[in-house]
Amino acid sequence: MTRRHFEDLVEGSVETIGPRTITREEIIAYASEYDPQPMHLDEEAAKHTMLGGLAASGWHTCCLMFRMAYDGFISTTVSLGSPGIDEMKWLKPVRAGTALTLRVTVIDKRESKSRPDMGLARLLCELVDETGTPLAQQTSTLLVGRRLPETTR
Amino acid sequence: MIFFEDIAIGDRRELGPYTFTAEDIKQFASRYDPQPFHIDEAAAARSHFGGLVASGWHTASIFMKLQARAIAERRQELAHTGLSPGFRNLRWLKPVFAGDTLTYSSEVVRKRELASRPDWGIVFSHVTALNQRGELAFEFEGSVFLARRGAG
(Lines give C-alpha, C1' and ligand atoms only; values in the text may rest on other atoms or scores of the structure.)
Protein backbone atom coordinates (compact mmCIF):
# COMPACT_ATOMS: atom_id res chain seq x y z
CA MET A 1 0.00 0.00 0.00
CA THR A 2 1.31 3.42 -0.91
CA ARG A 3 0.98 5.76 2.01
CA ARG A 4 0.84 9.52 1.80
CA HIS A 5 3.85 11.56 2.84
CA PHE A 6 4.00 15.16 4.04
CA GLU A 7 4.48 16.33 0.44
CA ASP A 8 1.18 14.68 -0.61
CA LEU A 9 -0.97 16.57 1.89
CA VAL A 10 -2.83 19.50 0.31
CA GLU A 11 -3.75 22.53 2.42
CA GLY A 12 -7.49 23.07 2.38
CA SER A 13 -8.30 19.54 1.22
CA VAL A 14 -11.27 17.84 2.88
CA GLU A 15 -11.90 14.12 3.33
CA THR A 16 -15.10 12.56 4.60
CA ILE A 17 -15.04 9.36 6.68
CA GLY A 18 -18.07 7.27 7.60
CA PRO A 19 -20.92 7.13 8.30
CA ARG A 20 -20.51 4.96 11.37
CA THR A 21 -23.42 4.40 13.75
CA ILE A 22 -22.74 4.62 17.48
CA THR A 23 -24.67 2.11 19.60
CA ARG A 24 -26.13 2.29 23.08
CA GLU A 25 -24.00 -0.71 24.04
CA GLU A 26 -20.71 0.96 23.13
CA ILE A 27 -21.68 4.19 24.92
CA ILE A 28 -22.36 2.22 28.10
CA ALA A 29 -19.28 0.00 27.67
CA TYR A 30 -16.93 3.00 27.46
CA ALA A 31 -18.68 4.84 30.29
CA SER A 32 -18.66 1.81 32.59
CA GLU A 33 -14.89 1.63 32.35
CA TYR A 34 -13.81 5.28 32.05
CA ASP A 35 -16.65 7.70 32.81
CA PRO A 36 -19.29 6.07 35.04
CA GLN A 37 -21.57 9.11 35.44
CA PRO A 38 -25.39 8.69 35.21
CA MET A 39 -25.79 10.64 31.93
CA HIS A 40 -23.54 8.12 30.14
CA LEU A 41 -24.90 4.94 31.76
CA ASP A 42 -28.62 5.07 32.34
CA GLU A 43 -31.40 6.52 30.17
CA GLU A 44 -33.72 7.34 33.06
CA ALA A 45 -31.04 9.03 35.20
CA ALA A 46 -29.71 10.86 32.14
CA LYS A 47 -33.08 12.60 31.60
CA HIS A 48 -32.51 14.57 34.78
CA THR A 49 -29.07 15.90 33.74
CA MET A 50 -27.99 18.81 31.52
CA LEU A 51 -27.73 16.32 28.62
CA GLY A 52 -31.46 15.52 28.80
CA GLY A 53 -30.91 11.86 27.92
CA LEU A 54 -28.26 9.18 27.43
CA ALA A 55 -25.23 10.47 25.52
CA ALA A 56 -21.64 9.37 24.97
CA SER A 57 -18.89 10.54 27.31
CA GLY A 58 -17.01 13.42 25.71
CA TRP A 59 -13.81 11.40 25.99
CA HIS A 60 -15.54 8.50 24.25
CA THR A 61 -16.39 10.94 21.44
CA CYS A 62 -12.67 11.84 21.24
CA CYS A 63 -11.75 8.15 21.03
CA LEU A 64 -14.36 7.50 18.31
CA MET A 65 -13.21 10.53 16.31
CA PHE A 66 -9.66 9.27 16.54
CA ARG A 67 -10.65 5.76 15.43
CA MET A 68 -12.54 7.16 12.44
CA ALA A 69 -9.62 9.46 11.58
CA TYR A 70 -7.24 6.52 11.93
CA ASP A 71 -9.28 4.23 9.68
CA GLY A 72 -9.89 6.84 6.99
CA PHE A 73 -6.85 9.10 7.07
CA ILE A 74 -4.01 8.38 9.50
CA SER A 75 -3.54 4.70 8.58
CA THR A 76 -3.00 5.73 4.95
CA THR A 77 -0.52 8.46 5.92
CA VAL A 78 3.09 8.14 7.13
CA SER A 79 2.06 9.23 10.63
CA LEU A 80 4.73 9.74 13.29
CA GLY A 81 2.15 10.43 15.98
CA SER A 82 0.67 13.56 17.47
CA PRO A 83 2.08 15.92 20.09
CA GLY A 84 -1.42 16.91 21.14
CA ILE A 85 -4.75 18.57 20.59
CA ASP A 86 -4.94 22.36 20.34
CA GLU A 87 -8.65 22.57 20.97
CA MET A 88 -11.62 20.24 21.44
CA LYS A 89 -15.22 21.45 21.51
CA TRP A 90 -18.11 19.23 22.59
CA LEU A 91 -20.99 21.02 20.86
CA LYS A 92 -24.00 18.71 21.15
CA PRO A 93 -24.75 15.38 22.85
CA VAL A 94 -23.75 12.28 20.84
CA ARG A 95 -26.77 9.95 21.11
CA ALA A 96 -27.10 6.21 20.55
CA GLY A 97 -28.20 5.33 17.02
CA THR A 98 -26.70 8.42 15.38
CA ALA A 99 -24.89 7.85 12.08
CA LEU A 100 -21.66 9.78 12.55
CA THR A 101 -19.54 11.26 9.78
CA LEU A 102 -16.06 12.73 10.29
CA ARG A 103 -14.78 15.55 8.06
CA VAL A 104 -11.01 15.95 8.11
CA THR A 105 -9.60 19.21 6.73
CA VAL A 106 -5.88 19.89 6.33
CA ILE A 107 -5.74 23.45 7.72
CA ASP A 108 -2.07 24.05 6.92
CA LYS A 109 1.31 22.34 6.99
CA ARG A 110 4.92 23.26 7.60
CA GLU A 111 8.30 21.55 7.58
CA SER A 112 9.95 20.77 10.90
CA LYS A 113 12.95 22.97 11.65
CA SER A 114 14.60 20.43 13.92
CA ARG A 115 13.66 17.21 12.08
CA PRO A 116 14.28 17.23 8.31
CA ASP A 117 12.54 13.84 8.00
CA MET A 118 9.14 15.15 9.00
CA GLY A 119 6.60 17.92 8.76
CA LEU A 120 3.68 19.09 10.84
CA ALA A 121 0.10 19.22 9.55
CA ARG A 122 -2.70 20.92 11.45
CA LEU A 123 -5.99 19.05 11.07
CA LEU A 124 -9.55 20.16 11.72
CA CYS A 125 -11.78 17.17 12.53
CA GLU A 126 -15.53 17.79 12.59
CA LEU A 127 -18.01 15.16 13.72
CA VAL A 128 -21.48 15.63 12.21
CA ASP A 129 -24.78 13.75 12.39
CA GLU A 130 -27.08 12.63 9.54
CA THR A 131 -28.39 16.17 9.04
CA GLY A 132 -24.91 17.68 8.90
CA THR A 133 -25.24 19.26 12.35
CA PRO A 134 -21.80 19.52 14.03
CA LEU A 135 -21.59 17.53 17.28
CA ALA A 136 -17.90 18.00 18.06
CA GLN A 137 -14.91 19.81 16.60
CA GLN A 138 -11.21 19.32 17.15
CA THR A 139 -7.99 20.99 16.01
CA SER A 140 -4.85 18.88 16.29
CA THR A 141 -1.33 18.50 14.95
CA LEU A 142 -0.11 15.39 13.14
CA LEU A 143 3.57 14.63 12.55
CA VAL A 144 3.99 13.29 9.02
CA GLY A 145 7.04 11.68 7.45
CA ARG A 146 8.60 13.42 4.45
CA ARG A 147 9.44 11.70 1.19
CA LEU A 148 13.18 12.09 1.43
CA PRO A 149 15.26 11.80 -1.78
CA GLU A 150 16.94 8.66 -0.41
CA THR A 151 13.62 6.86 -0.12
CA THR A 152 12.20 7.71 -3.55
CA ARG A 153 14.90 6.25 -5.76
CA MET B 1 -23.14 22.32 48.89
CA ILE B 2 -20.23 23.52 46.77
CA PHE B 3 -21.27 25.98 44.08
CA PHE B 4 -19.41 27.97 41.43
CA GLU B 5 -18.89 30.80 43.94
CA ASP B 6 -17.08 28.47 46.34
CA ILE B 7 -14.34 27.51 43.87
CA ALA B 8 -11.07 29.48 44.26
CA ILE B 9 -8.22 29.91 41.80
CA GLY B 10 -5.45 27.58 42.97
CA ASP B 11 -7.79 24.93 44.41
CA ARG B 12 -5.96 21.67 43.82
CA ARG B 13 -7.18 18.09 43.81
CA GLU B 14 -5.05 14.96 43.70
CA LEU B 15 -6.80 12.41 41.50
CA GLY B 16 -4.50 9.53 42.31
CA PRO B 17 -2.06 7.14 40.66
CA TYR B 18 -2.82 4.65 37.90
CA THR B 19 -0.54 1.90 36.59
CA PHE B 20 -0.87 1.01 32.90
CA THR B 21 -0.58 -2.74 32.35
CA ALA B 22 0.29 -4.27 28.98
CA GLU B 23 -3.12 -6.00 28.96
CA ASP B 24 -5.01 -2.72 29.53
CA ILE B 25 -2.94 -0.90 26.90
CA LYS B 26 -3.65 -3.53 24.24
CA GLN B 27 -7.32 -3.86 25.12
CA PHE B 28 -7.95 -0.11 24.87
CA ALA B 29 -5.92 0.27 21.70
CA SER B 30 -7.53 -2.63 19.87
CA ARG B 31 -10.81 -0.75 20.08
CA TYR B 32 -9.80 2.89 19.60
CA ASP B 33 -6.18 3.21 18.41
CA PRO B 34 -4.86 0.05 16.75
CA GLN B 35 -1.42 1.36 15.81
CA PRO B 36 1.18 -1.44 16.02
CA PHE B 37 3.12 0.12 18.93
CA HIS B 38 -0.09 0.08 21.04
CA ILE B 39 -1.27 -3.50 20.33
CA ASP B 40 1.78 -5.66 19.63
CA GLU B 41 4.88 -5.95 21.87
CA ALA B 42 7.15 -7.22 19.07
CA ALA B 43 6.13 -4.44 16.66
CA ALA B 44 6.44 -1.91 19.49
CA ALA B 45 9.99 -3.08 20.24
CA ARG B 46 10.92 -2.35 16.60
CA SER B 47 9.21 1.07 16.62
CA HIS B 48 10.81 4.40 17.55
CA PHE B 49 9.30 3.93 21.05
CA GLY B 50 11.25 0.71 21.65
CA GLY B 51 8.42 -0.88 23.63
CA LEU B 52 4.67 -1.11 24.12
CA VAL B 53 3.16 2.34 24.84
CA ALA B 54 -0.34 3.45 25.79
CA SER B 55 -2.50 5.30 23.28
CA GLY B 56 -2.68 9.00 24.09
CA TRP B 57 -6.45 8.65 24.26
CA HIS B 58 -5.99 5.91 26.85
CA THR B 59 -3.94 8.33 28.96
CA ALA B 60 -6.75 10.87 28.58
CA SER B 61 -9.49 8.32 29.35
CA ILE B 62 -7.77 7.37 32.61
CA PHE B 63 -7.94 11.04 33.64
CA MET B 64 -11.71 10.79 33.21
CA LYS B 65 -11.83 7.52 35.16
CA LEU B 66 -10.06 9.12 38.13
CA GLN B 67 -12.05 12.35 37.80
CA ALA B 68 -15.36 10.44 37.77
CA ARG B 69 -14.27 8.65 40.93
CA ALA B 70 -13.45 11.99 42.59
CA ILE B 71 -16.85 13.40 41.56
CA ALA B 72 -18.65 10.31 42.91
CA GLU B 73 -16.85 10.64 46.25
CA ARG B 74 -18.07 14.25 46.54
CA ARG B 75 -21.56 13.71 45.13
CA GLN B 76 -23.25 14.80 48.36
CA GLU B 77 -21.39 18.11 48.54
CA LEU B 78 -21.05 19.12 44.85
CA ALA B 79 -23.74 21.16 43.14
CA HIS B 80 -24.85 20.03 39.65
CA THR B 81 -21.77 19.49 37.52
CA GLY B 82 -20.12 17.00 35.22
CA LEU B 83 -20.55 18.51 31.78
CA SER B 84 -17.80 20.25 29.87
CA PRO B 85 -17.81 22.38 26.70
CA GLY B 86 -14.32 21.20 25.77
CA PHE B 87 -10.60 21.44 26.46
CA ARG B 88 -7.50 23.18 25.12
CA ASN B 89 -3.76 22.62 24.82
CA LEU B 90 -3.74 18.89 25.44
CA ARG B 91 -0.14 17.63 25.23
CA TRP B 92 1.28 14.12 25.21
CA LEU B 93 4.79 14.96 26.42
CA LYS B 94 6.30 11.56 27.33
CA PRO B 95 5.46 8.06 26.13
CA VAL B 96 3.58 5.94 28.69
CA PHE B 97 5.13 2.46 28.68
CA ALA B 98 3.55 -0.73 30.02
CA GLY B 99 4.22 -0.76 33.77
CA ASP B 100 4.44 3.04 34.08
CA THR B 101 2.44 4.76 36.82
CA LEU B 102 0.95 8.19 36.18
CA THR B 103 -0.25 10.39 39.03
CA TYR B 104 -2.96 12.82 37.96
CA SER B 105 -3.95 16.11 39.58
CA SER B 106 -6.08 19.11 38.71
CA GLU B 107 -5.70 22.77 39.70
CA VAL B 108 -8.21 25.58 39.12
CA VAL B 109 -6.64 28.31 36.95
CA ARG B 110 -9.59 30.59 36.15
CA LYS B 111 -13.37 30.82 36.26
CA ARG B 112 -16.09 32.93 34.73
CA GLU B 113 -19.83 33.40 34.77
CA LEU B 114 -21.85 32.46 31.69
CA ALA B 115 -23.55 35.46 30.11
CA SER B 116 -25.96 33.23 28.19
CA ARG B 117 -26.94 31.04 31.18
CA PRO B 118 -26.96 33.04 34.41
CA ASP B 119 -27.53 29.95 36.57
CA TRP B 120 -24.22 28.43 35.48
CA GLY B 121 -20.53 29.26 35.68
CA ILE B 122 -17.55 27.62 34.05
CA VAL B 123 -14.37 26.57 35.87
CA PHE B 124 -11.07 26.02 34.02
CA SER B 125 -8.45 23.63 35.42
CA HIS B 126 -4.90 22.67 34.50
CA VAL B 127 -4.76 18.88 34.56
CA THR B 128 -1.36 17.19 34.78
CA ALA B 129 -0.06 13.62 34.98
CA LEU B 130 3.46 12.89 36.24
CA ASN B 131 5.16 9.54 35.67
CA GLN B 132 7.04 7.58 38.35
CA ARG B 133 10.20 9.56 37.56
CA GLY B 134 8.39 12.83 38.27
CA GLU B 135 8.35 13.86 34.60
CA LEU B 136 5.32 15.69 33.20
CA ALA B 137 3.87 13.15 30.77
CA PHE B 138 0.44 14.61 29.98
CA GLU B 139 -1.41 17.88 30.47
CA PHE B 140 -4.40 19.88 29.26
CA GLU B 141 -6.64 22.75 30.25
CA GLY B 142 -10.09 21.40 30.99
CA SER B 143 -13.34 23.17 31.73
CA VAL B 144 -16.52 22.20 33.51
CA PHE B 145 -19.91 23.79 34.11
CA LEU B 146 -20.87 24.31 37.74
CA ALA B 147 -24.20 25.61 39.08
CA ARG B 148 -24.23 29.06 40.70
CA ARG B 149 -25.59 29.59 44.17
CA GLY B 150 -29.28 30.35 44.11
CA ALA B 151 -29.84 28.61 40.77
CA GLY B 152 -33.08 26.67 40.50
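Residues numbered from 1 in each chain as written. Chains lettered and ligands numbered in written order. Predicted model: local features only at pLDDT ≥ 70, side-chain atom pairs only at ≥ 80, totals over all residues.

Talk me through the overall build of chain B; I want residue IDs and the actual numbers.
Scanning chain B from N- to C-terminus turns up four helices and five strands. The order of helices and strands in chain B, counted from the N terminus, is β-α-α-α-α-β-β-β-β. For chain B, the spread of C-alpha atoms along the principal axes amounts to about 60 × 30 × 25 Å. Burial analysis of chain B (152 residues in total) assigns 32% to the buried set. Considering only intrachain contacts with a sequence separation of at least 6, the fraction spanning at least 24 residues in chain B is 67%. (Helix = DSSP H or I, 4+ residues; strand = E, 2+ residues; numbered from the N terminus. Buried ≥ 20, exposed ≤ 12 C-beta atoms within 10 Å, placed from the backbone. Contact = placed C-beta atoms within 7 Å.)

Tell me about helix α1 (residues 22-32) of chain B, residues and numbers included.
Residues of α1(B) that are buried: Ile25(B), Phe28(B), Ala29(B) and Tyr32(B). Taken around the axis of α1(B), the buried residues stretch over an arc of 95 degrees, which confines them to a single face. Buried residues belonging to α1(B) abut α4 (58-72) of chain A together with α2 (36-39) and α4 (56-73) of chain B. (Arc of directions from axis to C-beta.)

Explain the interface of chain A and chain B residue by residue, including any values.
In this complex, chain A contributes 24 residues to the contact, which on the side of chain B involves 22 residues. Every element with two or more residues in the side of chain A that touches chain B is listed here: α4 and β2 (84-90) of chain A. Considered class by class, the residues forming the side of chain A that touches chain B number 14 nonpolar, five polar and five charged. Two strands pair when backbone bridges link them, and β2(A) and strand β2 (residues 86-92) of chain B are joined in this way by five bridges, in the antiparallel orientation. Bridge pairing links Ile85(A) to Leu90(B) in β2(B). (Nonpolar A, V, L, I, M, F, W, Y, C, P; charged D, E, K, R; others polar. Pairing = 2+ DSSP bridges.)

Please provide a residue-by-residue account of the nonpolar core, values included.
Judged by nonpolar contacts, the single largest core of 67 residues is most densely connected at Cys62(A), Met65(A), Ala69(A), Leu102(A) and Phe63(B). When residues of this core are assigned to their parent elements, the largest contribution, eight residues, is made by α4(A). (Core = buried A, V, L, I, M, F, W, Y, C linked by C-beta atoms within 7 Å.)

Can you explain unusual backbone geometry? Please cite residues and give values.
Looking along the chain, the bond that leaves Gly18(A) and enters Pro19(A) is cis, with omega of 5 degrees. When you line up the elements, Pro19(A) lands in strand β1 (residues 14-21). The backbone of Asn89(B) sits at a positive phi, close to 50 degrees, despite the residue not being glycine. Tracing the chain through its elements places Asn89(B) in strand β2.

I'd love a proper account of α4(A), names of residues and values included.
For the α-helix, the turn length of 3.6 residues means that residues three or four positions removed from each other point alike. Residue and element names in this part refer to chain A. Here α4 spans 21 Å end to end across 15 residues, near enough to the 21 Å set by a 1.5 Å rise per residue. Most of α4 sits inside the fold, with 11 of its 15 residues counted as buried. Taken together, the buried positions of α4 are occupied by Gly58, Trp59, His60, Thr61, Cys62, Cys63, Leu64, Met65, Phe66, Met68 and Ala69. (Expected span 1.5 Å × (residues − 1).)

Lay out the environment of Gly51(B) in plain terms, naming residues and giving numbers.
Residue and element names in this part refer to chain B. With respect to the helices, strands and loops of the structure, Gly51 is situated in the loop between α3 (41-46) and α4. We classify Gly51 as partly exposed; it has 14 C-beta atoms within 10 Å. Considered as a pair, Gly51 and Arg91 are 40 residues apart in the sequence and their alpha carbons are 20 Å apart. Apart from the residues lying within four places of it in its own chain, the contact partners of Gly51 are Ala44, Ala45 and Phe97.

On their own, these measurements won't tell you what the molecule is for.
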